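# Structural features, examined
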Amino acid sequence: MVTNPLDYVEPLGKAGASGFTFHVEASRENWRELIQRIKSKGMKPGVALKPGTPIEEVYPLIECENPVEMVLVMTVEPGFGGQKFMLDMMDKVKTLRKKYPSLDIEVDGGLGPSTIEMAASAGANCIVAGSSVFGAPEPAHVISLFKKSVEEAQKNN
Ligand SMILES: O=C(CO)[C@@H](O)[C@H](O)COP(=O)(O)O
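Residues numbered from 1 in each chain as written. Predicted model: local features only at pLDDT ≥ 70, side-chain atom pairs only at ≥ 80, totals over all residues.

### Quick word on the overall build of the chain
Helix and strand counts for the chain come out as 7 helices and 5 strands. Start at the N end of the chain and walk to the C end: the helices and strands fall as α-β-α-β-α-β-α-β-α-β-α-α. For a compact globule of 157 residues, the expected C-alpha radius of gyration is about 15 Å, and the chain comes in at 15 Å, within 12% of that figure. Expressed as lengths along the three principal axes of its C-alpha atoms, the size of the chain is roughly 40 × 35 × 25 Å. Once local pairs closer than 6 in sequence are excluded, the contacts in the chain between residues at least 24 apart make up 61%. (Helix = DSSP H or I, 4+ residues; strand = E, 2+ residues; numbered from the N terminus. Rg over C-alpha atoms; globule rule 2.2 N^0.38 Å. Contact = placed C-beta atoms within 7 Å.)

Shown next, in the form of structure tokens:
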């Protein structure tokens with residue numbers, strides 16, 4: 001998380017990033033400008049929210065004329081890897097999936113073989129994972145499991 005995301009749009013665009021996700025907590029005053037700038041640099045805009053931030057805060061960014069294309073529900077406090085998955089964040093994911101059936105919904109923090117089903121069945125379709133992949137004897141196996149869980153959950157919804 002950065003406190004001044006606008007400062008990073010230009011350099012990340014130049015570096016070739018395909019997406020740019022900013023925290024709603026850091027952009028309450030300027031999210032419209034941020035989305036517009038991110039898109040103007042050819043990147044996909046996303047908004048992230050911390051565990052303590054109510055989901056309603058991101059609705060205006062999804063329902064405006066020039067909306068974000070992805071919402072990242074943090075399932076740990078931002079800061080570092082290896083934290084415990086916060087199951088109670090799945091209510092946010094379920095609420096978003098019900099309200100926006102085709103929205104990309106990402107989860108980040110504590111995702112691994114023992115938590116992926118909970119996230120996928122709640123409606124998450126983009127998975128960020130650190131320790132469970134990089135600490136696995138076969139990282140590709142864990143990534144395949146994530147993909148399979150998301151695909152299965154999508155079939156059942
Ligand atoms: O950057 C963050 C948290 O700030 C996350 O991306 C975590 O780093 C994910 O790591 P794991 O929980 O998967 O280890």
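### Considering the nonpolar core
Across soluble globular proteins, nonpolar side chains show a tendency to be buried alongside one another. Of all hydrophobic cores here, the largest spans 34 residues; its most connected members are Val47, Val71, Val73, Val93, Ala119, Ala124 and Ile127. Broken down by secondary-structure element, the contributors of at least two residues to this core are strand S1 (19-23), helix H2 (31-40), strand S2 (44-49), strand S3 (70-74), helix H4 (90-99), strand S4 (104-108), helix H5 (116-122) and helix H7 (139-156). Apart from residues lying up to four places away in sequence, valine 47 is in contact with Thr21, Phe22, Val24, Val58, Leu61, Val68 and Val71. (Core = buried A, V, L, I, M, F, W, Y, C linked by C-beta atoms within 7 Å. Buried ≥ 20, exposed ≤ 12 C-beta atoms within 10 Å, placed from the backbone.)

### With respect to the environment of lysine 148
By the secondary structure assignment, lysine 148 is in helix H7. When the C-alpha atoms of lysine 148 and isoleucine 116 are compared, they prove to be 9.9 Å apart, with 32 residues separating the residues in sequence.

### Side note on the confidence of the model for the chain
Residues with a pLDDT of 70 or more make up 100% of the chain, whose mean pLDDT is 97. On the interface metric, ipTM, the complex scores 0.95, and its pTM is 0.97. (pLDDT = per-residue confidence, 0-100.)

### Quick word on the site of the ligand
Around the ligand there are 16 residues in total, and Pro78, Gly81, Ala129, Gly130 and Ser131 lie nearest to it. Considered class by class, the residues forming the shell around the ligand number 6 nonpolar, 9 polar and 1 charged. (Near = placed C-beta within 6 Å. Nonpolar A, V, L, I, M, F, W, Y, C, P; charged D, E, K, R; others polar.)

### Some details on H2
Those residues of H2 not exposed but buried are Trp31, Leu34, Ile35 and Ile38. End-on, the buried residues of H2 take up no more than an arc of 95°, which puts them together on one face. In this structure, H2 carries Glu33, Gln36 and Ser40 as exposed residues pointing more than 90 degrees from its buried face. Following H2 by one or two positions, glycine 42 has its phi on the positive side, about 80°. (Arc of directions from axis to C-beta.)

### A closer look at H4
Every buried residue belonging to H4 is among Met90, Lys92, Val93 and Leu96, and all of these are buried. Angularly, the buried residues of H4 cover 155° about the axis, an arc narrow enough to put them on a single face. Seen from the buried face of H4, the exposed residues on the opposite side, beyond 90 degrees, are Asp91, Lys98 and Lys99.

### Notes on the pairing of S1
One face of the sheet, then the other: side chains in a regular strand alternate in exactly this way. For S1, the tally of buried residues reaches 4 of 5 residues, placing the bulk of the element in the interior. Note: S1 against S2, 5 bridges, orientation parallel. Bridge pairing links phenylalanine 22 to valine 47 in S2. For the handedness criterion, the β-α-β arrangement of S1, H2 and S2 is classed as right-handed. (Pairing = 2+ DSSP bridges. Right-handed = clockwise from strand over helix to strand, strands pointing away.)

### Describing the sheet that holds S2
Pairing is parallel in the open sheet, where 5 strands are placed in the order S1-S2-S3-S4-S5. The open sheet has two free edges, formed respectively by S1 and strand S5 (126-128), since each of these has just one partner strand. Across this sheet, the average inter-strand angle for adjacent strands is 25°, counted without regard to direction. (Axes fitted to C-alpha atoms, helices over the stretch in contact; angles between N-to-C directions.)

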